[in-house]
Amino acid sequence: MKAIRVHQPGGPEAMLLEDIPTPTPGEGQALIRLVACGVNFIDTYKRAGLYPVQTPFTLGEEGAGVVEAVGPGVVSVKAGDPVVYSNVQGSYAEYALVSADKLVKVPAGLEPKIAVAGMLQGMTAHYLAHSTYPLRAGETCIVHAGAGGVGLLLIQMARMIGATVITTASSEEKRALAKEAGADHALPYEGFDQKAREITGGKGVDVVYDGVGQSTWEGSLNSLRVRGMLALYGQSSGPVAPFNPQVLNQKGGLFLTRPSLWHYTQTRQELEWRAGDVLRWALEGKLQIRVGAEFPLSQAAQAHLALQGRATTGKVLLIP
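Note that the coordinates shown come from a computational prediction; the quantities given were computed from them, not determined experimentally.

**Things to note about the nonpolar core**
Alright, step 1. In terms of nonpolar packing, the biggest core is built from 47 residues, with V84, L135, C141 and Y209 touching the most fellow members.
Alright, step 2. Considering every element that reaches this core, the biggest residue donor is helix α2 (residues 112-132), with eleven residues.
Alright, step 3. Aside from chain neighbours lying at most four places away, what touches C141 is L135, A158, T164, V165, I166, V207 and Y209.
Alright, step 4. Residues I4, L59, A300 and L318 belong to the second largest nonpolar core, which totals 17 residues.

**Thoughts on the environment of L135**
Alright, step 1. Looking at where L135 falls in the secondary structure, it is placed in the loop between α2 and β9 (140-143).
Alright, step 2. Under the relative-accessibility criterion, L135 is labelled buried at 7%.
Alright, step 3. The spatial distance from the C-alpha of L135 to the C-alpha of L120 is 20 Å, given a sequence separation of 15 residues.
Alright, step 4. Setting aside chain neighbours within four positions, we find L135 in contact with A129, C141, A158, I161, A163, V207 and Y209.

**A look at the environment of K102**
Alright, step 1. Residue placement: K102 occurs in the loop between β7 (95-99) and β8 (104-105).
Alright, step 2. Judged by relative accessible area, which is 32%, K102 ranks as partly exposed.
Alright, step 3. The sequence separation of K102 and T265 amounts to 163 residues, and the corresponding C-alpha distance is 9.8 Å.
Alright, step 4. Those residues within four positions of K102 in sequence are excluded, and the remaining contacts are V84, Y85, V88, R268 and L271.

**Some remarks on the packing of helix α1 (residues 41-48) against helix α9 (residues 300-308)**
Alright, step 1. Viewed as axis vectors pointing N to C, α1 and α9 meet at an angle of 115°, and their least axial separation amounts to 10 Å. It follows from the interaxial angle that α1 and α9 lie roughly perpendicular. Relative to α9, the crossing made by α1 is left-handed. Contacts from F41, D43, T44 and R47 in α1 reach H304, L307 and Q308 in α9.

What counts and how
Residues numbered from 1 in each chain as written. Predicted model: local features only at pLDDT ≥ 70, side-chain atom pairs only at ≥ 80, totals over all residues. Heavy atoms only, no water. Core = buried A, V, L, I, M, F, W, Y, C linked by side-chain atoms within 4.5 Å. Buried < 20%, exposed > 50% of the residue type's maximum accessible area, 1.4 Å probe, protein only. Helix = DSSP H or I, 4+ residues; strand = E, 2+ residues; numbered from the N terminus. Contact = heavy atoms within 4.5 Å. Axes fitted to C-alpha atoms, helices over the stretch in contact; angles between N-to-C directions. Parallel < 35°, antiparallel > 145°, perpendicular 65-115°, else oblique. Left-handed = near helix turned anticlockwise from the far one by under 90°.

Structure below.
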């Protein structure tokens with residue numbers, strides 16, 4: 001089978017399309033014939049060595065496809081079942097070996113591409129809005145990168161709850177897209193903290209959901225109310241520099257957390273809750289999942305460039 005492999009961390013050129021043996025499922029595993037895989041910032045971090053992974057490795061953490069075969073002890077899925085998964089290394093490939101307890105069946109009537117486009121980013125938005133800082137009706141949040149994959153979904157979930165959403169995006173086109181998704185206010189990055197203060201009558205917002213990191217860090221802290229929370233879930237602009245925790249005291253007894261999806265899918269029950277909500281809302285039309293671009297597997301480098309250059313809005317997919 002063909003797969004995108006990394007032998008040495010580096011830029012997009014570090015990704016090589018290679019032929020490797022198709023694996024055989026062992027105890028508790030299923031072999032998935034992939035029809036689409038998601039491209040996420042965590043893939044770029046691992047490719048670049050920011051998140052160290054033992055080399056060589058196959059990139060990708062999110063896929064959708066059809067069960068080709070199952071190993072001993074697997075009863076939850078069978079050959080022919082359409083499934084989707086995330087947080088499992090090795091999806092930039094024609095086939096993937098996945099523990100059966102990580103698989104979620106794609107509901108009848110939902111296109112696999114939409115399922116995988118909503119899986120990692122949809123569950124990320126879900127844990128942020130429902131668990132990390134559980135939003136309540138009437139509260140106000142900032143969602144950075146509102147036209148990105150997580151941003152568009154997080155805006156919609158926050159609006160379902162009844163929160164006021166302030167979002168940021170880098171262009172008029174992206175801000176219009178965020179408004180279309182339900183944002184009450186769509187701002188440029190420049191001066192967003194002062195504008196957020198104005199919108200909230202000087203109080204500040206209850207929570208900032210920040211997947212941008214370095215370039216929004218100061219502004220995010222400055223936007224928060226007393227005892228507000230900064231949920232720093234990504235670093236698309238680069239990692240935040242070391243800082244003195246006394247800053248949190250000076251700015252109002254703030255809370256800071258650096259979560260990831262893995263922390264919020266610790267049990268099968270939690271995985272089914274988050275994935276079930278996302279996929280059901282997509283099927284019912286309550287959650288619009290946008291695919292921004294599709295690339296063949298051989299063009300993984302171009303997919304990473306498009307993602308990192310913010311040249312797309314919504315989800316970037318690779319098609320094996």
